[in-house]
Amino acid sequence: MATPALVAMMENCSKELLKSYLTSEQTSVGAAIEVKHLAPSKVETVIKITAEIIEQTERKVLFSIQAFQQEQLIGSASHCRVVVEKATFLKKMK
């Protein structure tokens with residue numbers, strides 16, 4: 001697995017975990033990620049991603065993320081997401 005693909009899986013896992021804490025008017029955006037890609041994985045191997053919220057302020061949420069191929073740890077990350085109002089965020093995108 002390429003490192004960018006691993007990063008995308010990690011970010012998506014944390015985004016999905018955070019989604020249940022947000023209102024319908026909110027979303028989250030990635031602000032920072034520090035990844036360690038520890039081991040290779042074979043093509044078409046099932047990769048399991050786990051994410052845990054380890055710190056939360058009003059707008060920022062910090063995650064600890066791990067990636068496994070079977071029982072082997074293949075990656076770890078520290079990831080920060082910021083909670084934003086959808087309408088305000090979309091206005092800034094124009």
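What counts and how
Residues numbered from 1 in each chain as written. Predicted model: local features only at pLDDT ≥ 70, side-chain atom pairs only at ≥ 80, totals over all residues. Heavy atoms only, no water. Helix = DSSP H or I, 4+ residues; strand = E, 2+ residues; numbered from the N terminus. Buried < 20%, exposed > 50% of the residue type's maximum accessible area, 1.4 Å probe, protein only. Contact = heavy atoms within 4.5 Å. Areas by Shrake-Rupley, 256 points an atom, 1.4 Å probe, with all protein chains shown as cover. Lys, Arg positive; Asp, Glu negative; His and termini not counted. Charge placed at Lys NZ, Arg CZ, Asp CG, Glu CD. Polar contact = N/O pair within 3.5 Å; in protein donor to acceptor, adjacent residues only side chain to side chain. Core = buried A, V, L, I, M, F, W, Y, C linked by side-chain atoms within 4.5 Å.

Caption draft 1: Up close: the overall build of the chain. A tally of regular secondary structure across the chain gives two helices and four strands. Along the chain, helices and strands appear, N-terminal first, in the series α-β-β-β-β-α. Oriented by its inertia axes, the alpha-carbon framework of the chain measures out at about 40 × 30 × 20 Å. Burial statistics for the chain: of 94 residues in total, 29% are counted as buried. Counted over contacts in the chain with a minimum sequence separation of 6, partners at least 24 positions apart contribute 61%. Looking at the chain as shown, the accessible area adds up to about 6400 Å², and 53% of this sits on carbon and sulfur atoms. Across the chain, the centroid of the 12 positively charged side chains sits 7 Å from that of the 10 negatively charged ones.

Caption draft 2: Spotlight on the side chain of Q69. Along the chain, the position of Q69 falls in strand β3 (residues 60–69). There is a polar contact of 3.4 Å between the side chain of Q69 and the backbone nitrogen of K42. When neighbours within four sequence positions are excluded, Q69 is seen to be in contact with P40, S41, K42, T45, V46, I47 and I74.

Caption draft 3: Structural detail: the nonpolar core. Counting 14 residues, the largest nonpolar core has M10, L18, I49, I65 and A67 as the members making the most contacts within it. Of all elements in the fold, only α1 (3–19), β2 (47–56), β3 and β4 (72–85) reach the threshold of two or more residues within this core. Looking at this core element by element, the count peaks at four residues for β3. If near-sequence neighbours (up to four positions away) are discounted, L18 is found in contact with S28, V61, F63, R81 and V83.

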